[in-house]
Amino acid sequence: MCTVEGWYEIPNAVANAMVSDNNDELEKDVKELTRTVEELRDEIKQLNNRYTVEVMIFIAIVVLLVLILRLPKIKGIIGELYVAAFLKILPKDKYTVINNLLFTWNGHSTQIDHIVVSIYGIFVIETKFYKGLIYGGENSEYWLQNIYGNKHQFRNPILQNQGHIRALKHLLHEYENITFISIIAFSSRATLHVKTESTVIHFYQLYRTIRKNKNKVITEEQVRQIHSLLIANKTKKESQRGNT
């Protein structure tokens, strides 16, 4: 921070010297200089106050952002955006990607994080932006997240994704030969201790996992039809969301 305390004493000393010499003109100039220094000191104080307020506002914004980013819903959105970036690099002539598909089935709204439609089948991806140790089994009702001893149960994502696939099968009942591939993808901050037959991987493994499927099951024209049908049935009212 700037200070002008030292500056203020200089013109006072000079003024005293001028008074003793009876130099009215110089005394007037020095007094003017004194007023200027005082005004400058006041401006610096105001500047320092404004600086302090700006720093406090900045700190408050940072704290607020940190708290917001810790919210489960916000973390989930970040995870979905992260996965969407991975899926975007898939060859567009062979794969079409739909992110955050929300549609109504059996009287309920079903939200699917990511769907990849291709001639090799339909990949249905459930993302979990979790950290810590993850424990679970293929048919367990709940899985366990352990972060330094703090344990939290969450619904088995494999069973959750099976519900998504059932809804898709109902919607795409005209396409009998479609293969649905379930993929559960976790953040790399999660250490997986799961025993499953279904595919449970980290985000960064998605591209390779999808690309390794090479068995053609539907035509390119069917891919376009399915993609258009899913988009046509997409629910636009987010207020109706209710995950299945």
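Going along each chain's sequence as written, the residues are numbered from 1 onward. Residue-level local features of this predicted model are given only where pLDDT is at least 70; pairs of side-chain atoms are given and counted only at 80 or more, and the full residue set underlies all totals for whole chains, interfaces and linings. Excluded from the side-chain calculations are hydrogens and water; all other atoms, namely the structure's heavy atoms, are used.

Enquirer: Describe the sheet that holds strand 9 (residues 199-202), listing the residues and the values that go with them.
Expert: Two strands make a pair as long as DSSP finds a minimum of two bridges between them. Secondary structure is summarised from DSSP: a helix means a run of H or I of at least four residues, a strand means a run of E of at least two, and numbering begins at the N terminus for each. The strand order across the open sheet formed by five strands is 1-2-3-7-9, and the pairing between neighbours is mixed. One side of each edge strand has no neighbouring strand; the edge strands of this open sheet are strand 1 (95-105) and strand 9. Taking each pair of neighbouring strands and ignoring which way they run, the sheet shows an average axis angle of 35°. Here five bridges tie strand 2 (residues 108-118) to strand 3 (residues 121-128), and the two strands are oriented antiparallel to one another. In the sheet register, H114 faces strand 3, and the bridge partner there is I125. Packing against the sheet, helix 4 (residues 157-171) makes contact with strand 1, strand 2, strand 3, strand 7 (180-186) and strand 9, and its axis sits at approximately 145° to strand 3. On the sheet, helix 6 (residues 220-232) packs against strand 1, strand 2 and strand 3 and is oriented at approximately 40° with respect to strand 1. Note on definitions: angles span 0 to 180 degrees between N-to-C directions of axes, and those axes are lines fitted to C-alpha atoms, for helices only across the stretch in contact. Two residues form a contact once any of their heavy atoms are found within 4.5 Å.

Enquirer: Residue-level account of the nonpolar core, with values.
Expert: Buried residues of nine kinds, namely Ala, Val, Leu, Ile, Met, Phe, Trp, Tyr and Cys, make up a nonpolar core once their side-chain atoms join them within 4.5 Å. Accessible area is worked out with a 1.4 Å probe on protein chains only. A residue is then buried under 20% of its type maximum, exposed over 50%, and partly exposed in between. One finds I115, I122, I210, I226 and L230 to be the most contacted residues of the largest nonpolar core, which totals 37 residues. Looking at this core, the elements with two or more residues in it are helix 3 (72-87), strand 1, strand 2, strand 3, helix 4, strand 7, helix 5 (206-211) and helix 6. If one sorts the elements of this core by residue count, strand 1 sits on top with five residues. In this structure, I226 is in contact with V117, I122, L172, Y175, I178 and I218, ignoring residues within four places of it in sequence. Counting residues in each nonpolar core, the second largest holds eight residues, with F154, I158, I184 and F186 among its members.

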